[in-house]
Amino acid sequence: MIRTVEETGSTNADLAARLSGGEYLPEGDWLVAERQTAGRGRLGRIWNDGAGNFMGSTVVRPGPGDPPPSSLALMTGLAVHEALLPFVPQGAALWLKWPNDLLLSGAKIAGILLEVVAGTVIVGIGVNLAAAPDIPGRAVTSLSEYGPGPGRDAFAEALAASFDRELHRWRSAGLAPLLRRWQSAAHPVGTRLTVLPPGEEAVEGSYAGLSQDGNLLLKLDNGTQRVIHAGDVLLASAPD
Ligand SMILES: O=C(O)CCCC[C@@H]1SC[C@@H]2NC(=O)N[C@@H]21
């Protein structure tokens, strides 16, 4: 079920408060907001809203036998990719970027924020359907820059369906096929990346795929390979 509210602080914060209060939230339910006044982004950033954009959250309740919850970041990226792809015009490339951003022709079009409360993973998704809010230092775009896109409600239906499919595959087929499909939807191997691991200087290198457990493989310019477990990743050629 998709429930839409006119305005809230953050759909992630709303679900977190309900979980903290002991409420049971079933998988498959979505909270979507027309406006967010305190949208949360990754790494403590804010997520600016824009009228007509998709801003919504759902939950996953990981159980015994499920792949590691951290892989939900990659699974969610695939679900958003699948929902957006039919609306991407010819000649524009829709790419996944580790861990879970989506880029349209090199500029950010969607972001994903996972938070865990009381053993439940809150999955928050923001997609620039109609407006490209400013993210300082980042190239940002929206689908509307390429022509008329889907309305927010139609997109919400498509995303809820693709998320449901991907969640089922995540549970039934496990990590290996997910990682293969993720890599097919990502920017090409060899793409120059700048990585900002927490508490470290920026590291430059070339994208070399994902490790077996879904971490980022970065080929450094001295020929060695580094496994990136956390941090911010930018396309090195993206304009400031
Ligand atoms: O930094 C990122 O790229 C992640 C952005 C996630 C934004 C979405 S919008 C819906 C949900 N509610 C929030 O407060 N954040 C997420």
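For the structure, see preceding data.
Residues numbered from 1 in each chain as written. Predicted model: local features only at pLDDT ≥ 70, side-chain atom pairs only at ≥ 80, totals over all residues. Heavy atoms only, no water.

**Comments concerning the sheet that holds strand E11 (residues 225-228)**
The antiparallel open sheet is built from five strands, whose spatial order is E11-E10-E9-E8-E12. Edge positions in the open sheet fall to E11 and strand E12 (232-235), since each of these has one partner strand only. The sheet shows a mean angle of 45 degrees between the axes of neighbouring strands, taken without regard to direction. Direction of pairing for strand E9 (residues 203-210) relative to strand E10 (residues 216-220): antiparallel, over a ladder of four bridges. Each residue of the ladder has a partner; that of Leu210, found in E10, is Leu216. (Pairing = 2+ DSSP bridges. Helix = DSSP H or I, 4+ residues; strand = E, 2+ residues; numbered from the N terminus. Axes fitted to C-alpha atoms, helices over the stretch in contact; angles between N-to-C directions.)

**A few points about the nonpolar core**
Ranked by size, the top nonpolar core spans 53 residues in total, and within it Phe54, Val80, Leu84, Ile125, Val127 and Trp182 carry the most contacts. Broken down by element, the residue count for this core peaks at eight residues, all from helix H2 (residues 72-84). Formed jointly, this core draws a minimum of three residues from each of two domains, domain 1 (2-185) and domain 2 (192-237). Leaving out residues up to four positions away in the same chain, Val80 has contacts with Leu102, Ala110, Ile112, Ile125, Val127 and Leu159. With ten residues, the next largest nonpolar core counts Leu15, Leu25, Val117 and Ile122 among its residues. (Core = buried A, V, L, I, M, F, W, Y, C linked by side-chain atoms within 4.5 Å. Buried < 20%, exposed > 50% of the residue type's maximum accessible area, 1.4 Å probe, protein only. Domains from an automatic or database assignment. Contact = heavy atoms within 4.5 Å.)

**Regarding helix H4 (residues 175-185)**
Listed as buried for H4 are Leu175, Leu178, Leu179, Trp182 and Ala185. Angularly, the buried residues of H4 cover 125 degrees about the axis, an arc narrow enough to put them on a single face. Among the exposed residues of H4, those oriented more than 90 degrees off its buried face are Arg180 and Ser184. Where H4 is buried, its residues contact H2, strand E4 (94-97), helix H3 (152-173) and E9. (Arc of directions from axis to C-beta.)

No statement about biological role is implied by the geometric values presented.
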